[in-house]
Amino acid sequence: MAEGRVVVNYAQCMACGICVQACPFSSLEMSRAINNKYKKVFPELSSRSACSGCGICATACPLECLTASKE
Amino acid sequence: MGKVLWVDLSTGEIKDEIIADSVYEQVLAGVGLGAYLLYRDIPVGADPLGPDNILGFVSGLLTGTGSLMTGRWMIVCKSPLTGGWGDANCGGTLAPAIKQCGYDGIFFKGIANKPVYLYVDNKGAQLRDASHVWGKDAVDTEEILEKENWTKKKPSVAVIGQAAEKLSLISGICNDRGRIAARSGGGAVMGSKRLKAVVLAGIKPIKCNDPNAVKAISKEYADKVRKQDLPAIVKGSMLPLGGAVLAHQKNVAPLDGMMLSMLFKKWGTVMSNGMAVTMGDTPIKNWSGSVVDYNRSYYKNINSDLVIKREYRKYHCYSCVVGCGGVCDISDVGDGKFKHTHKPEYETCAAFGGLVMNRDLDAIFYINELLNRAGMDSISAGGAVAFAIECYENGILTDEDTGGLKLSWGNSASIIQLIEKMINREGIGDLLADGVKIGADRIGKLSERFAVHAGGQEPGMHDSRLDPIMGVHYSADPTPGRHTIGASQYYNTTRLWEKVSWAPVVTKYPKNEEYIASDTEALKSVASACYKQLVDGSGGCLFAMIMGVQHWNLFGWLNAATGWNKTPDEYMEIGRRMQTLRQMFNVKHGIEPLTFKMHTLMAGDPPLKEGPLKGRSVPIEAMMMQHWKHFGWDEKTGVPLPETLGKMGIDQTGKG
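Rules used throughout
- One numbering rule holds for all chains: residues counted from 1, following each sequence as written.
- By the order in which they are written, chains take letters starting at A while ligands take numbers starting at 1.
- Local features in this predicted model are restricted to residues of pLDDT 70 or higher, and side-chain atom pairs are both shown and tallied only at a pLDDT of 80 or more, whereas totals for entire chains, interfaces and linings draw on every residue.
- Neither water nor hydrogens contribute to the side-chain values; these are computed over all heavy atoms in the structure.
- The contact rule is simple, with two residues in contact once any of their heavy atoms fall within 4.5 Å.
- Values labelled buried area give the accessible surface lost by two parts on being combined, using a 1.4 Å probe and summing over both.
- Salt-bridge detection follows one rule: a side-chain nitrogen of Lys or Arg within 4 Å of a carboxyl oxygen of Asp or Glu.
- Here a polar contact means two N or O atoms within 3.5 Å. Within protein one must be a hydrogen donor candidate and the other an acceptor candidate, and residues neighboring in sequence count only if both atoms are side-chain atoms.
- Secondary structure elements are taken from DSSP: a helix is a run of H or I of four residues or more, a strand is a run of E of two residues or more, and numbering for both begins at the N terminus.
- Amino acids are sorted into nonpolar (Ala, Val, Leu, Ile, Met, Phe, Trp, Tyr, Cys and Pro), charged (Asp, Glu, Lys and Arg) and polar (every other residue, Gly among them).
- Think of it in three bands: with a 1.4 Å probe and only protein chains considered, a residue is buried below 20% of the maximum accessible area for its type, exposed above 50%, and partly exposed in between.
- By convention a nonpolar core is built from buried Ala, Val, Leu, Ile, Met, Phe, Trp, Tyr and Cys residues, the set being connected through side-chain atoms within 4.5 Å.
- Under this scheme, a helix contributes an axis fitted over its contacting stretch, all axes are lines through C-alpha atoms, and angles between N-to-C directions fall in the 0 to 180 degree range.
- Small angles under 35 degrees read as roughly parallel and large ones over 145 as roughly antiparallel, with 65 to 115 read as roughly perpendicular and the rest as oblique.
- Note on convention: the crossing is left-handed when the near helix lies turned anticlockwise from the far helix by less than a right angle, right-handed when the turn is clockwise.

Some points on the interface of chain A and chain B
Listed by partner, the interface residues are 27 residues for chain A and 38 residues for chain B. For the pair chain A and chain B, the summed buried area comes to about 2,500 Å², and 52% of that belongs to carbon and sulfur atoms. Broken down residue by residue, the surface that chain A buries against chain B is led by M14, Q21 and Y38 of chain A, which jointly contribute 29%. In this assembly, chain A and chain B are joined by 2 salt bridges. Residue E64 of chain A pairs with K219 of chain B through a salt bridge whose shortest N-O separation is 2.7 Å. The interface formed by chain A and chain B includes 16 residue pairs in polar contact (both at pLDDT 80 or more). Of all the elements in the fold, those that place two or more residues in the side of chain A that touches chain B are α1 (18-22) and α2 (56-60) of chain A. If one sorts the elements of the side of chain A that touches chain B by residue count, α1 of chain A sits on top with 4 residues. Classifying every residue of the side of chain A that touches chain B gives 17 nonpolar, 5 polar and 5 charged.

So this is what it looks like as structure tokens:
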């Protein structure tokens with residue numbers, strides 16, 4: 001069961017995927033479809049998330065648009 | 001200090017090699033580190049498909065540091081297609097995965113006695129049996145190996161398809177369900193080693209000297225890209241008109257490359273589908289035609305908007321804020337056996353559009369997935385098909401030779417069948433599966449006049465009669481036939497002169513100047529080649545590069561990520577060294593650089609009789625010589641001069 005929580009600022013996120021690759025548990029995936037003209041998908045916790053709230057994804061994000069916390 | 005992993009497939013030995021900081025300061029990482037090690041370690045006379053060849057998977061110096069558009073990985077090897085230096089570039093997620101395993105590169109030598117794959121995670125590396133996936137295509141194999149090896153971290157997988165297993169010299173190495181490091185025949189090298197895949201599941205942190213400084217540059221760049229937004233009123237059908245206007249321009253003026261990001265965001269590279277035809281950039285009818293032949297009744301069917309109509313989501317490579325890729329629904333295409341495919345690139349659309357006079361876009365989608373799964377280079381495959389059609393049309397190949405295939409221009413059903421034969425090396429396909437140069441050798445009957453290549457490699461889908469500097473790189477680069485090194489169009493938007501003291505400043509100039517072998521044009525091509533080595537040593541993206549140095553701050557990121565304090569001029573000398581190392585690899589392996597000169601048709605000999613390039617010819621040999629002279633290489637032979645090698649600290653005997 002995931003213990004962590006990740007909040008993405010989708011107004012700033014540019015779907016670069018750095019956070020997804022950084023996560024040691026592959027808890028994030030590029031699947032969040034937000035209504036946008038380019039049909040981009042954005043990161044969100046996956047259905048098989050094992051997020052611990054470690055914050056590695058947030059540290060990796062160059063645009064600083066993720067926050068991670070423990071539930 | 002970093003390290004690389006060495007795997008001897010003959011003995012099973014796996015070991016690390018520590019790489020000194022001084023090496024990175026000399027050649028960066030990526031293709032530079034690859035050139036350093038392969039120049040040192042591949043013996044003279046090594047068979048490209050034999051145990052002495054080395055296949056390397058390298059990641060960029062900036063990959064994983066928080067920089068943007070720096071997630072490209074490369075393969076490096078001795079190319080079985082050209083006999084000289086081989087490399088190929090690809091996106092997806094493999095580049096950071098290499099570094100998350102703790103390495104800047106993974107190098108293979110020897111030949112395994114049965115199919116194997118390499119698995120690497122934080123605990124180490126292992127060779128594992130790949131018999132159960134040998135014979136399967138790249139996408140299916142990736143899915144199987146990903147599932148088998150996904151414990152904590154989803155692994156990144158590089159894999160070969162059937163084309164490489166059958167040692168097609170135009171095969172590549174795939175990842176992320178159909179991205180492909182396609183060029184140089186690297187797939188055949190991997191196939192010859194019986195190495196089916198590389199599976200990477202490491203979770204090690206990636207080092208960066210000053211992450212905050214890197215992020216600051218990234219934010220600035222991302223903000224610029226974010227603001228670029230194409231008005232909805234601009235349609236794909238308008239782009240060919242723009243191309244026609246550009247085709248008739250008498251003068252050239254540099255544009256701000258950042259505007260390209262809005263086109264990439266909307267369409268990706270297929271923005272060029274119609275525009276490049278009307279401006280004369282797309283080679284038509286195996287380089288013997290023009291937009292007069294492949295007219296609107298053809299190119300309107302491969303319109304950029306029609307391509308993205310099938311796109312249901314965008315695809316970004318690692319660290320990309322643009323997102324030129326896409327994933328398309330093709331479940332209703334052909335026999336329906338493929339559900340989706342990566343959006344075909346412009347290169348694929350042109351190679352299976354104008355080059356073969358095809359107007360069937362669905363066929364292009366189908367071919368795209370067919371080739372991605374088989375792991376065959378779509379540029380070279382398109383060139384081989386165009387060559388075969390022209391041979392057939394001229395009676396050199398007959399129905400008996402083709403097994404009954406009617407290889408007329410634009411016959412998409414026959415083209416698909418021919419590609420399937422090439423992948424499976426059946427009949428006529430076997431003759432063509434190693435590219436047009438070898439194909440012409442096998443067919444004979446003066447067919448070499450239709451075999452368009454440079455140094456054995458089919459050129460990219462950009463006409464050197466429109467952009468002569470493109471022709472210089474096709475001919476004078478250590479990996480000939482490549483469209484990704486440089487061009488006047490790239491130079492004009494990259495704007496190197498804003499950072500590099502010796503790069504010629506471009507303002508408005510007459511287009512005709514591009515067709516003269518001058519010092520200015522040579523300095524442009526040299527600057528482009530040096531800078532592209534830096535991009536490839538950093539893991540950078542070509543499309544970010546052409547947005548311009550004033551936006552995509554490669555020099556700034558390099559200093560921030562490494563702690564160096566080098567000037568752009570100093571970095572350009574690193575680029576010059578990297579390029580010289582690649583050239584010395586060729587010299588060591590007996591390549592005479594002038595033999596890489598592109599096919600006469602590509603230089604306008606004879607010139608086209610109609611279309612926007614009517615009458616255009618390129619003094620290619622003189623331009624190659626000027627290019628070499630300004631590199632500090634012998635201008636007649638292309639061999640780097642002893643004083644140049646001395647200045648760069650490169651051993652002439654190939655010891656690194």
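The rest of the description comes next.
Examining helix α10 (residues 272-279) of chain B
Residue and element names in this part refer to chain B. Along α10, 8 of the 8 residues are buried, which leaves the element largely enclosed by surrounding structure. If you check which residues of α10 are buried, you get S272, N273, G274, M275, A276, V277, T278 and M279. The secondary structure elements touched by the buried residues of α10 are α8 (239-247), α11 (296-299), α12 (304-309), α13 (346-351) and α21 (488-494).

Structural notes on the nonpolar core
In this structure, L66 of chain A together with M69, Y221, F352, Y531, L534 and W552 of chain B are the most contacted members of the largest nonpolar core, which totals 199 residues. Per-element accounting of this core gives the leading share, 10 residues, to helix α15 (residues 378-393) of chain B. Contact partners of L534 of chain B, with chain neighbours within four places excluded, come to L28, L554, F555, Y571, M572, I574, G575 and M578 of chain B. Of all hydrophobic cores here, the second largest spans 32 residues; its members include A95, C101, A181 and L195 of chain B.

Remarks on the pattern of salt bridges
Opposite charge on two side chains permits pairing when their charged atoms draw close. Residue and element names in this part refer to chain B. A complete count under the given rule lists 35 salt bridges over all chains for this structure. One salt bridge connects E143 with R177, and the closest N-O pair in it is separated by 3.6 Å. Highlighted residues: E143 in helix α4 (residues 138-149) and R177 in the loop between β10 (173-175) and β11 (179-181), separated in sequence by 34 residues. Assessed through its relative accessible area of 27%, R177 is described here as partly exposed. With its nearest N and O atoms 2.7 Å apart, the salt bridge here joins D463 to R465. Look at the salt bridges and you will find they share partners, linking D87, D477, R482 and R582 into a network.

Here we look at the packing of helix α7 (residues 211-227) of chain B against helix α24 (residues 554-562) of chain B
Axis angle and axis distance: for two packed helices, these are the angle between their axes and the distance between the axes, and together they describe the pair. All names here are of chain B. It is at 8 Å that the axes of α7 and α24 come closest, and there the two elements cross at 155°. Here α7 is positioned roughly antiparallel relative to α24, judged by the angle of their axes. Between α7 and α24 lies a crossing of left-handed hand. Of α24, the residues touching α7 (which contributes A213, V214, I217, S218 and Y221) are G556, W557, A560 and A561. Partitioning the contact of α7 with α24 into residue classes produces 7 nonpolar, 2 polar and no charged.

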